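Tertiary structure, described
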Amino acid sequence: MTTPLSTRAPHDLSVQELVTALADKQVSATELAQHFLDRGQAHSALGVYVDSNPDATLAQARASDDRIAAGNARPLDGLPLAHKDIFVTRDFATTAGSRMLRGYRSPFDATVVSKLADAGTVTLGKVNCDEFAMGSSNENTAVAPLGSDTVEPVRNPWDTTRIPGGSSGGSAAVVAARLAPAATGTDTGGSIRQPAAFCGITGIKPTYGRASRYGMVAFASSLDQAGPMARSAEDCALLLSAMCGPDPDRDSTSLDAPAENYLRQLNDSIEGLRIGVPKEFFGEGLSDDVRASVDAALKQYEQLGAKLVPIALPRTELSIPVYYIIAPAEASSNLSRFDGVKFGHRAKDYGDLADMYKKTRAEGFGDEVKRRIMIGTYVLSHGYYDAYYLQAQKIRRMIADDFQNAFKECDVIAGPVAPTVAWKIGEKSDDPVANYLADIFTLSGSLAGLPGMSIPVGFAKAEADKGLPIGMQLLGNYLDEARLLNAAHRFQQATDYHLAKPAGF
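Turning to the overall build of the protein, a few remarks are in order. Helix and strand counts for the protein come out as 15 helices and 11 strands. In terms of C-alpha radius of gyration, the protein reaches 21 Å, essentially the compact-globule figure of 23 Å for 505 residues. By its C-alpha atoms, the protein is 70 × 55 × 50 Å across when sized along the principal axes. Within the span of the protein, comprising 505 residues, buried residues form 60% of the whole. Intrachain contacts of the protein at a sequence separation of at least 6 include 77% that bridge at least 24 residues. If you sum the accessible surface of the protein, you get close to 19000 Å²; carbon and sulfur atoms cover 50% of it.

As structure tokens, this is what we get:
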């Protein structure tokens, strides 16, 4: 039987193929880890990695090789992956993309990191992200990537003059460029789905609470959720099975829902699957290329036996103001701990305690983080709490109710991930509101706490954007990740968009 490694390079293999090759001893975990470490170094110009520790990586790989040799292999033993720099790790620095945490080394691993390690994965390093996960472009990072002395955004491997999306831009780019088979990401308002769409990969945000937030540097506690980013739904299913599960002793928002094997329904028929198509996702501002690719994907689903059902999500437009009240409010509370007293950056010259607070936070936080802290503090202040924050929470409940009404008529909801393809680096950096508006299709699902994913469905044809990836979003009801993954997998069995890779990688 021909082995996957006999005709293809290791970095071109899927997670499933790598796991099989490792278990069959076609390649050692040590060889695989070294291969990806070398690739990361060779393509450092992309700016994805912000920390690496080859000694720790190879030690993990050797431990995997020992278990495989002894017949005690774990489900993902020897699989290399990268972690978003928002998860704390013992063997790698965790900065959350901020000067505030430059050089910080955690005494423990985040639950998501430890769960994946328990499944046998090998950590290649930490990848860049928007500061404290605040951003849609990865341009808000304040940390220099490995191999550079200056702070630079991650570059999209499909076009290095473009952004990779955010905040999990490093995670999306590292997978798209084949510098890692998979990566962890976090999604607060679309930060897994949007960069996955912009970089032509697959990413899933599970139901809020499915994956523990313990050890994830907090941005907005009622919204933050971890998820995997890889090239296919099958790969994401493998990783999600290892990442999820209750963590009640360390995360009070963790759901008391047992871990699942998300591979179990992947190959089920989608004959009769009702796909809701919200009219609000196809209005003004949607680019012709995105509309055409999503329409073609919906027709493909019809050919696979699914049924398209028109639905309404009437409060979609309200998700932007609601999100940008609730998320900054929670951020202002979460980030108050970074004051120079216990850990993180501390200003060198200050007069008294209040002066230290001011100078430390002025030096440590970037512009976008300061902007959101100020907005959040304002909406929580006396006299404005009822007018803004309380009203936003009420509308958030209405948005969630809209989804429940829609799910009475359909099984999953489909639509675009973003109105456009990835834009040029610097194009929107002076206009934060334009960045916020780019999240219009992803925010409502996050506010409702629903599972959602992005799958590649085509490429732009317009001359200015030609060849850039386009993603489609699938949203499911609570705890319905298996159905989403099944729908995505069946589409990917019938198409090859997820197999395409950027030139030069």
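With respect to the helices, strands and loops of the structure, Thr7 is situated in the segment before helix H1 (15-23). Counting along the chain gives 31 residues from Thr7 to Asp38, while the straight-line C-alpha distance between them is 20 Å.

If you walk through the whole model with that rule in mind, you get 3 cavities of 30 Å³ or more. Taken as a whole, the largest cavity spans an internal volume of roughly 80 Å³. The class makeup of the residues in the lining of the largest cavity is 4 nonpolar, 7 polar and 2 charged. The computed volume of the second largest cavity comes to approximately 40 Å³. Ala197, Phe198, Val290, Val417, Ala418, Thr420, Pro469, Ile470 and Gly471 together form the lining of the second largest cavity. Of all the secondary-structure elements, those providing two or more residues to the lining of the second largest cavity are helix H6 (193-199) and strand S11 (469-476). At 3 residues, the largest contribution of residues to the lining of the second largest cavity is made by S11. Grouping the amino acids of the lining of the second largest cavity by side-chain chemistry returns 7 nonpolar, 2 polar and no charged.

Calculation notes
- Position numbers for residues count from 1 along each chain, tracking the sequence in the order it is written.
- Note on the predicted model: pLDDT of at least 70 is required for a residue's local features to be given, and 80 or more for side-chain atom pairs to be given and counted; whole-chain, interface and lining totals, by contrast, use all residues.
- With hydrogens and water stripped out, all remaining heavy atoms of the structure feed into the side-chain values.
- A run of DSSP states H or I qualifies as a helix once it reaches four residues; a run of E qualifies as a strand once it reaches two. Both are numbered from the N-terminal end.
- Based on C-alpha atoms, the radius of gyration is set beside the globule rule, defined as 2.2 Å times the residue count to the power 0.38.
- Only protein chains enter the accessibility calculation, which uses a 1.4 Å probe. A residue is then buried if its area is under 20% of the maximum for its type, exposed if over 50%, and partly exposed in between.
- Throughout, a residue-residue contact means that at least one pair of heavy atoms, one from each residue, lies within 4.5 Å.
- Each accessible area is a Shrake-Rupley estimate made with a 1.4 Å probe; only the visible protein chains count as cover when residues are assessed.
- Think of a 1 Å grid over the protein atoms and nothing else: a 1.4 Å probe that fits but is trapped marks a cavity, an open set flanked by protein within 12 Å on at least five of seven lines marks a pocket, and residues with an atom within 4 Å of a point count as lining.
- Grid points are joined across faces, edges and corners, and a volume is the space filled by probe spheres set on the points.
- Residues were grouped as follows: Ala, Val, Leu, Ile, Met, Phe, Trp, Tyr, Cys and Pro as nonpolar; Asp, Glu, Lys and Arg as charged; and all remaining residues, including Gly, as polar.

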